Amino acid sequence: YVDREASSLPSQLQEATLTRSRVKTIPLFGNDGAIVPGVTFVKLDCEGAEIDILLSPNAREYKSWRDVTHLVFEWSFTKEKRVDVFHRAQKNLQDAGFHVFYDGQGSW
């Protein structure tokens, strides 16, 4: 869960039962990011944040990925149903130099 102004979460009922905890985060890209020189394999498992990451301007830049040659992630069509959005993320990765392969399950 990420606090966003346009989000309907949490509901008033959820708000009454939630305990908020501060969590230190770091960006994926950039000098202080999780992708550091020498990292060649990345498995993104961000509970839906993959969509925002892969659609970001940084995702389409070769230099953002540094030494990464292999990237694995799930795309949840229950969180983002629009196939064109998936194709935009795919294009970003291709622009960054990745060869994109995917295997779908279910009916989209």
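As the structure is a prediction and not an experimental result, all values here were calculated from the model.

Cut-off values and rules
- Residues numbered from 1 in each chain as written.
- Predicted model: local features only at pLDDT ≥ 70, side-chain atom pairs only at ≥ 80, totals over all residues.
- Heavy atoms only, no water.
- Helix = DSSP H or I, 4+ residues; strand = E, 2+ residues; numbered from the N terminus.
- Areas by Shrake-Rupley, 256 points an atom, 1.4 Å probe, with all protein chains shown as cover.
- Salt bridge = Lys/Arg side-chain N within 4 Å of Asp/Glu carboxyl O.
- Buried < 20%, exposed > 50% of the residue type's maximum accessible area, 1.4 Å probe, protein only.
- Pairing = 2+ DSSP bridges.

Draft legend 1. Up close: the overall build of the protein chain. What the protein chain contains, in helices and strands, is three helices and two strands. Helices (α) and strands (β) of the protein chain occur, in sequence order from the N terminus, as α-β-α-β-α. Summed over all atoms, the accessible surface of the protein chain reaches about 8400 Å², with 52% contributed by carbon and sulfur.

Draft legend 2. Examining the pattern of salt bridges more closely. Under the defined criterion, the tally for this structure stands at three salt bridges. Between Glu 61 and Lys 63 there is a salt bridge; the shortest N-O distance is 3.9 Å. Relative accessible area serves as the criterion here: at 31%, Glu 61 is assigned to the partly exposed category. Close ionic contact of Glu 80 with Arg 82 constitutes a salt bridge, the shortest N to O distance being 2.7 Å. With a relative accessible area of 12%, Glu 80 lands in the buried category. Note on Arg 82: relative accessible area 49%, which makes it partly exposed.

Draft legend 3. Summary view of the pairing of strand β1 (residues 41–44). Residues Val 42 and Leu 44 of β1 are buried on one face, while the alternating residues Phe 41 and Lys 43, pointing to the opposite face, are not. For β1 and strand β2 (residues 70–73), the ladder comprises four bridges, and the chain directions are parallel. Within the sheet, the bridge partner assigned to Val 42 lies in β2 and is Leu 71.

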